[in-house]
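Reading the structure
These are the residues of each chain, in order.
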Amino acid sequence: MATATKTKPAKSSAKVVPLGDRIVVKQTKQDEVRASGLVIPDTAREKPQLGEVLAVGPGRLDDNGKRLPVDVKVGDRVLYAKYSGQEIPRGVFGDADEEYMVLKETDILAKLA
């Protein structure tokens, strides 16, 4: 008979390493209260399209097997397409308040200076 050992779930603080031309972005939060004092509930807020790059993959491979570098780097602020990317589940990085996404390089529309 094997004895079952109870283990506490570890606090998740995983390091996400994007592959290929993928980029991990921390979404910027929208203001909950407008200048007029109107409070915007979570259900009515639009998905943000602005974020900060946290991790960048090595780049995609071309037809000859040569690696093409990615145009953004860690720390860049970027504007990305509205309905693009894949959301990372809350708590993966250990903080449940922040939202993160994995985007392809082609989903990024612009770098903000």
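Let us look at the structure shown here. Here the structure is a predicted model, which means the values were calculated and not measured.

On to the overall build of the chain, then. A count of helices and strands for the chain gives 0 helices and 6 strands. Along the chain, helices (α) and strands (β) appear in the sequence β-β-β-β-β-β when read from the amino end. When the 113 residues of the chain are sorted by exposure, 24% land in the buried category. Pairs at least 24 residues apart make up 65% of the contacts formed inside the chain by residues separated by at least 6 positions. Summed over all atoms, the accessible surface of the chain reaches about 8,500 Å², with 53% contributed by carbon and sulfur.

It is worth spelling out the pattern of salt bridges at this point. Per the stated rule, a full pass over the model turns up 4 salt bridges. With a shortest N-O distance of 3.6 Å, R22 and D21 are connected by a salt bridge. Under the relative-accessibility criterion, R22 is labelled partly exposed at 33%. With relative accessibility at 7%, the residue D21 sits in the buried group. Two residues, D76 and K111, come together in a salt bridge whose shortest N-O distance is 3.8 Å. With D76 in the loop between β2 (50-56) and β3 (77-80) and K111 in strand β6 (residues 108-112), this pair connects stretches of sequence that are 35 residues apart. One salt-bridge network, held together by shared partners, links K73, D76 and K111.

For the rest of this paragraph, the subject is a nonpolar patch on the surface. There is a patch of nonpolar side chains on the surface, built from L79, L109 and L112 and spanning about 250 Å² of accessible area. Of note, L109 is situated in strand β6. Since its relative accessible area comes to 56%, L109 is described here as exposed.

The subject of this paragraph is the environment of V53. Topologically, V53 is positioned in strand β2. Taking C-alpha positions, V53 is 9.7 Å from Y100, a pair spaced 47 residues apart along the chain. Discounting residues that sit within four places of it in the chain, V53 has contacts with I23, V24, V72, K73, V74, G75, D76 and V78.

On to the pairing of β2. By the bridge criterion, 5 bridges tie strand β1 (residues 22-27) to β2 in an arrangement that is antiparallel. From the neighbouring strand, I23 faces β2, where its bridge partner is V56. Bridge count for β2 against β3 is 3 bridges, and the pairing is antiparallel. Bridging from a neighbouring strand, E52 pairs with R77 of β3.

Calculation notes
- Residues numbered from 1 in each chain as written.
- Predicted model: local features only at pLDDT ≥ 70, side-chain atom pairs only at ≥ 80, totals over all residues.
- Heavy atoms only, no water.
- Helix = DSSP H or I, 4+ residues; strand = E, 2+ residues; numbered from the N terminus.
- Buried < 20%, exposed > 50% of the residue type's maximum accessible area, 1.4 Å probe, protein only.
- Contact = heavy atoms within 4.5 Å.
- Areas by Shrake-Rupley, 256 points an atom, 1.4 Å probe, with all protein chains shown as cover.
- Salt bridge = Lys/Arg side-chain N within 4 Å of Asp/Glu carboxyl O.
- Patch = residues over 30% accessible without salt bridge, like charges linked within 9 Å, V, L, I, M, F, W, Y side chains within 5 Å.
- Pairing = 2+ DSSP bridges.

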